[in-house]
Amino acid sequence: MATVTIPPVLTTPRDDAAQLYRAFKGFGCDTAAVINILGHRNAAQRSLIQQEYRMMYSTELSKRISSELSGNVKKAVLLWLHDPMTRDATIVRQALSTADVIDLKAATEVICSRTYTQIQQFKQIYYQIFGVLMESDIEYQTSGDHKKLLLSYVCTPRYEGPEVDRSMVERDAKALYKAGEKRLGTDEMIFIRIFSERSRAHMAAVSYAYHDIYGTSLEKAIKKETSGHFEQGLLAILRSAENPAKYFAKVLHKAMKGLGTNDTTLIRVIVTRAEIDMQYIKAEYRKKYGKTLNDAVYSETSSHYRTFLLSLLGPNN
């Protein structure tokens, strides 16, 4: 469920492009006007605005935004300009190739919280835009069980329907117990195989069966038996299978917890989920943390950056 509110008086992409051009003209940029337009346009509209801007002014809108805006609001708006698949490809590429900071956490979150179909789509775009296979970047920048999990997860076809095979679910729950809590040391390959081959509905059922048979949660077992980015990947797969909105609510809460805010995470999750399931994330956030996501974002951000993120979040409910 999207949260982006479309204005009552619909303007044309051409009008929007002209208004953006005016906002950039002269001394300084009218950032409020830029946010007011782009923060209330859906993916199809943003694509048309960019086409019009290119035709009318012979330059890319993203280039102009890059030179006119700065800081977090610039990062958020530039990411928002993309369609969802290009955005995912861009985030993963930046996370795996930025010379100064390789952000394995961001790459793992995006890859492990997407469906097989989504991964195949943004893998294709990744190659088209960056001229390199995503698998090559994963191979080069990751290591150990984390690398094995990501490579297996991006390459293995998975069923995406709701049906599950109960006997197979039970077998997997027992196999994971044997590979983890039952033995000394962990058989990581069993975890990698099951987590990368099974559907979301199946993994949610395995989690339920695991608790039913052993009286403890599969999530706790993962935390006990694994660590680092490998643990993060397994948890992202499991939580996305059980309740993706709850998973992202947790990621957002963590980004704003304590001293300082992890703006990279805040931007990434709000921008990537605004047109997908933000209403559900907001509901989960309120249920779990006793305050609205809008209020949390309001208290952790400021100025145009705050205004833009709040416009993507929609009504404060």
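Residues numbered from 1 in each chain as written. Predicted model: local features only at pLDDT ≥ 70, side-chain atom pairs only at ≥ 80, totals over all residues. Heavy atoms only, no water.

Looking at an unreviewed UniProt entry, the protein carries the name Annexin, with the source organism given as Cannabis sativa. Under the heading Sequence similarities (unreviewed entry), UniProt records this for the protein: "Belongs to the annexin family." (UniProt positions renumbered as here; feature names shortened; annotations may be inferred.)

Colleague: Please explain the domain arrangement of the protein as it appears in this structure.
Modeller: Size of an interface: often given as the accessible area lost when the parts come together. The domains assigned to the protein are domain 1 (13–69), domain 2 (85–149), domain 3 (166–226) and domain 4 (244–313). Using C-alpha coordinates to define each centre, domain 2 is positioned 23 Å away from domain 4. Taken together, the 9 residues of domain 2 in the interface contact 10 residues of domain 4. For the pairing of domain 2 and domain 4, the buried interface totals around 760 Å² over both sides, and the portion due to carbon and sulfur atoms is 50%. In this structure, Arg268 engages Glu109 in a salt bridge whose closest nitrogen and oxygen atoms are separated by 2.7 Å. Put simply, domain 2 and domain 4 have 2 residue pairs in polar contact (both at pLDDT 80 or more) between them. Contributions of two or more residues to the side of domain 2 that touches domain 4 are made by helix H6 (84–97) and helix H7 (104–112). Looking at the side of domain 2 that touches domain 4, its residues break down into 3 nonpolar, 1 polar and 5 charged. (Domains from an automatic or database assignment. Contact = heavy atoms within 4.5 Å. Buried area = accessible area lost by both parts, 1.4 Å probe. Salt bridge = Lys/Arg side-chain N within 4 Å of Asp/Glu carboxyl O. Polar contact = N/O pair within 3.5 Å; in protein donor to acceptor, adjacent residues only side chain to side chain. Helix = DSSP H or I, 4+ residues; strand = E, 2+ residues; numbered from the N terminus. Nonpolar A, V, L, I, M, F, W, Y, C, P; charged D, E, K, R; others polar.)

Colleague: Help me understand the packing of helix H13 (residues 200–214) against helix H15 (residues 228–242), please; the structure alone is not making it clear to me.
Modeller: Helix-helix packing is characterised by the crossing angle of the two axes and by the distance between the axes. Running from N to C, H13 and H15 cross one another at 95°; their axes reach a closest spacing of 8 Å. The angle between H13 and H15 places the two elements in the roughly perpendicular class. Contacts from Arg200, Met203, Ala204 and Ser207 in H13 reach Leu238, Ser240, Ala241 and Glu242 in H15. For the contact of H13 with H15, the residue count by class is 4 nonpolar, 2 polar and 2 charged. (Axes fitted to C-alpha atoms, helices over the stretch in contact; angles between N-to-C directions. Parallel < 35°, antiparallel > 145°, perpendicular 65-115°, else oblique.)

Colleague: Which parts of the structure should I look at to understand the nonpolar core?
Modeller: Within soluble globular proteins, side chains that are nonpolar tend to cluster in buried spots. Formed by 90 residues in total, the largest nonpolar core has its most connected members in Ile111 and Phe195. Beyond its immediate chain neighbours, meaning those up to four positions away, Phe195 contacts Leu149, Tyr153, Leu176, Met203, Leu218, Ile222, Leu234, Ile237 and Leu238. (Core = buried A, V, L, I, M, F, W, Y, C linked by side-chain atoms within 4.5 Å. Buried < 20%, exposed > 50% of the residue type's maximum accessible area, 1.4 Å probe, protein only.)

Colleague: Help me understand the pattern of salt bridges in this model?
Modeller: When their charged atoms lie close together, side chains carrying opposite charge are able to pair. What the rule picks out here adds up to 19 salt bridges. Linking Glu52 and Arg14 is a salt bridge whose minimum nitrogen-to-oxygen distance equals 3.2 Å. Remark: Arg14 occurs in helix H1 (residues 13–24) and Glu52 occurs in helix H3 (residues 43–57); sequence separation between them is 38 residues. The partly exposed category is assigned to Arg14, whose relative accessible area is 46%. A salt bridge links Lys174 to Glu170, with the nearest nitrogen and oxygen atoms 3.3 Å apart. Of this pair, Lys174 and Glu170 both sit in helix H11 (residues 166–179), separated by 4 residues, roughly a single helical turn. Given a relative accessible area of 38%, Lys174 falls into the partly exposed group.

Colleague: Could you clarify how one ought to interpret the environment of Glu139 in this entry?
Modeller: Topologically, Glu139 is positioned in helix H9 (residues 134–141). Taking the C-alpha atoms as reference points, Glu139 and Ala32, separated by 107 residues in sequence, lie 42 Å from one another. If we ignore the near neighbours within four places in the chain, the residues touching Glu139 are Lys147 and Leu151.

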